[in-house]
Amino acid sequence: MQKVDFENGKVWKNILMTAFPMLIAQVVSLLYNIVDRIYIGRIPEVGTEALGAVGITFPIIILITGFTNMFGMGGAPLFSIELGRGNKVKASAILNTVFRLEIIAALIITAVGEIFASPLLLAFGATEAELVYSLPYLQIYLIGTVFTMLSTGLNPFINAQGYSTIGMITVIVGAAANIGLDPVFMFGLNMGVAGAAIATVISQVISCALVLGFFRSSKNEFPLRKERLLGSGDKDKPASMLPQAGNIIGLGVTPFTMQATNSLVSICCNNVLMNTGGLTYVSVMTVISSVRQILDTPAMAITEGASPVISYNYGARKYKNVLSAIFIMGCIAIGYTALMWFLIEHFPEFFIGIFTSDGALMQTALNPLHLYFFAFIFQALQYTGQTVFKALGEKKFAVFFSIFRKVILVVPLTFMLPYLFGMGTDGVFIAEPISNFVGGTASFVTMLIVIVPRLRHGNVKQK
């Protein structure tokens, strides 16, 4: 498998060679949960109710992803920057620290989640009747947390070493297993929602085994090893865990904040929709959120595929290459989101039909879908700005714009538009495009004003 040459390869080629396998991997990765929803929505007689109930578990699942990304996506840019500087000892320390942080966090999350699963779901808007579906799904899903966090959290380090195709394969194999096992457990063994969760956990175990297999192979230059929490004082050995953990978490707060605020928004939306429209509109939001995940994935693959290229060249002080990567990434992301907006506007039934065969639910979801995706193109601006801030280690900007779009804009609007302005359920769905326009524009313009001139004039003080 061809390795991406970050040192000598052309910028556009490196981005595409990294982004394309990442795109395939992320699209297939969606199937872990998306396939569950597709099958759950088609359970005879109770599909719509079960889909809405499982949707209430999403805030918790999103938070798990947030912790995973805090360490994985927080460490990967630092890892790439050190590779660009030629400091393999420090790069190894970063990888090994992420490995341990993922395990520690996974064990804590699993224990807390299993103990408090029921009260958490009730707090997020579930009723006693909906716990019949949501509680077993969540409790089984949590069993696979450590496998999910290791496979997802360590995958960026495979990509950062130039083996994006291997990173893609680790995800595809697990997702393929999920697709095959879902109908077996759900319908063949008549386990319903619980069967979907079991299939997901098994697929997560498979992906994790493949990821760990790479780090034990000859291709990997940075083996996972035991390290003392305190440094050994030997410059030829990896640095201690504690100092690295602070840097990783400091930068990883950005992707964590993005997921945590997504979880907060999901909780708020479900509660407001339950009060203003009932469980049907929670099911509508579940469908729309699933469509959003599908459409977001290529944009994320483009920007995340550019991230190691940006970080490596930044560490190597090749600032012209960094600027080229930012320009290419932005153009592709904007073009893609514009195309997806056009397709949503003209073929909404196709996207909704992926997740439900309920004709009444499809008709109810049409207008909310149009409202929700009205300003989707501005999502590309948000992703571009955020990726640049994160890839260059600009923690303050990255964290601020994550909080700004979701916490400062979406959450207040989710309550204000339905209640203060009398917009009902429409207000919940309109909050998203308003935040995309304001937040995306602010993030992108700040990146252009603050970061680009520094790179253009070489006025950069690396940390």
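Worth saying up front: this structure is predicted, and the values here are computed from it rather than measured. (Residues numbered from 1 in each chain as written. Predicted model: local features only at pLDDT ≥ 70, side-chain atom pairs only at ≥ 80, totals over all residues. Heavy atoms only, no water.)

Re the environment of S118
Alright, step 1. Counting through the fold element by element, S118 comes out in helix α4 (residues 88-123).
Alright, step 2. For S118, a relative accessible area of 27% gives the class partly exposed.
Alright, step 3. Through-space distance from the C-alpha of S118 to that of P136 is 9.6 Å; in sequence the pair is 18 residues apart.
Alright, step 4. Apart from residues lying up to four places away in sequence, S118 is in contact with L131 and L135. (Helix = DSSP H or I, 4+ residues; strand = E, 2+ residues; numbered from the N terminus. Buried < 20%, exposed > 50% of the residue type's maximum accessible area, 1.4 Å probe, protein only. Contact = heavy atoms within 4.5 Å.)

Side note on the pattern of salt bridges
Alright, step 1. Following the criterion strictly, the structure yields 8 salt bridges and no others.
Alright, step 2. Of the charged contacts in the structure, one is a salt bridge between K90 and E82, with a shortest N-O distance of 3.9 Å.
Alright, step 3. Accessibility expressed as a relative area gives 31% for K90, which makes it partly exposed.
Alright, step 4. The buried category is assigned to E82, whose relative accessible area is 6%.
Alright, step 5. Where E432 meets K406, a salt bridge forms, and the shortest distance between an N and an O atom there is 3.7 Å. Taken together, the residues E432 in helix α16 (residues 425-457) and K406 in helix α15 (residues 395-420) connect sequence positions 26 residues apart. For the residue pair E432 and K406, the accessibility class agrees, reading buried in each case.
Alright, step 6. The network of salt bridges with shared partners includes R292, D296, R405, K406 and E432. (Salt bridge = Lys/Arg side-chain N within 4 Å of Asp/Glu carboxyl O.)

Side note on the packing of α15 against α16
Axis angle and axis distance: for two packed helices, these are the angle between their axes and the distance between the axes, and together they describe the pair.
Alright, step 1. At their nearest, the axes of α15 and α16 sit 8 Å apart, and the two run at 155 degrees to each other. Viewed along their axes, α15 and α16 adopt a mutual orientation that is roughly antiparallel. At the point where α15 passes α16, the crossing takes the right-handed sense.
Alright, step 2. Of the residues assigned to the contact of α15 with α16, the class counts are 15 nonpolar, 8 polar and 3 charged. (Axes fitted to C-alpha atoms, helices over the stretch in contact; angles between N-to-C directions. Parallel < 35°, antiparallel > 145°, perpendicular 65-115°, else oblique. Left-handed = near helix turned anticlockwise from the far one by under 90°. Nonpolar A, V, L, I, M, F, W, Y, C, P; charged D, E, K, R; others polar.)

Concerning helix α10 (residues 279-315)
Alright, step 1. Over its 37 residues, α10 runs 50 Å from end to end, which matches the ideal 54 Å to within 8%, given 1.5 Å per residue.
Alright, step 2. If you look at α10, its biggest bend is around 30 degrees, right at D296, and the proline P298 turns up within four residues after that.
Alright, step 3. A large share of α10 lies buried, amounting to 30 of its 37 residues.
Alright, step 4. Backbone geometry just downstream of α10 places R317 in the positive-phi region, at approximately 60 degrees. (Expected span 1.5 Å × (residues − 1). Bend = angle between axes of the 7 residues up to and from the residue.)

Comments concerning the confidence of the model for the protein chain
Alright, step 1. For the protein chain, per-residue confidence averages 81 on the pLDDT scale, and residues scoring 70 or more make up 85% of the total.
Alright, step 2. This model gives residues 228-239 a pLDDT under 50, and the stretch forms 20 contacts once residues within four places in sequence are excluded. (pLDDT = per-residue confidence, 0-100.)

Quick word on the side chain of T148
Alright, step 1. Note on placement: T148 falls in helix α6 (residues 145-160).
Alright, step 2. Once residues within four sequence positions are removed from consideration, T148 is found in contact with G153 and Q204.

Focus: the packing of aromatic side chains
Alright, step 1. Applying the stated criterion across every chain, the model contains 14 aromatic pairs.
Alright, step 2. Ring geometry for F79 against F222: centres 5.1 Å apart, planes inclined by 75 degrees, an arrangement best described as edge-to-face. Of this pair, F79 sits in helix α3 (residues 58-85) while F222 sits in the loop between α8 (192-215) and α9 (241-276), placing them 143 residues apart in sequence. Pair check on accessibility: F79 and F222 agree, each one buried.
Alright, step 3. Measuring from centroid to centroid gives 5.3 Å for F389 and F397, while their planes differ by 25 degrees, and the two rings are stacked.
Alright, step 4. For F389, a relative accessible area of 0% corresponds to the buried category.
Alright, step 5. Using a relative accessible area of 26% as the deciding quantity, one classes F397 as partly exposed.
Alright, step 6. Aromatic rings pair up to connect F389, F397, F400, F401 and F404 into one cluster. (Phe/Tyr/Trp six-rings, centres within 6.5 Å; stacked < 30°, edge-to-face > 60°.)

Brief notes about the environment of V173
Alright, step 1. Mapping V173 onto the fold places it in helix α7 (residues 164-188).
Alright, step 2. A C-alpha to C-alpha distance of 7.5 Å links V173 and I206, two positions 33 residues apart in sequence.

As for α16
Alright, step 1. Across its 33 residues, α16 extends 49 Å between first and last C-alpha, which sits within 8% of the 48 Å expected from 1.5 Å per residue.
Alright, step 2. Along α16, the largest kink reaches about 35 degrees and is centred on I451; proline P453 follows within four residues of it.

Section: the environment of A177
Alright, step 1. Relative to the assigned elements, A177 resides in helix α7.
Alright, step 2. Taking the C-alpha atoms as reference points, A177 and I202, 25 residues apart in sequence, are found 7.9 Å from one another.
Alright, step 3. Excluding anything up to four places from it in sequence, A177 contacts S203 and I206.

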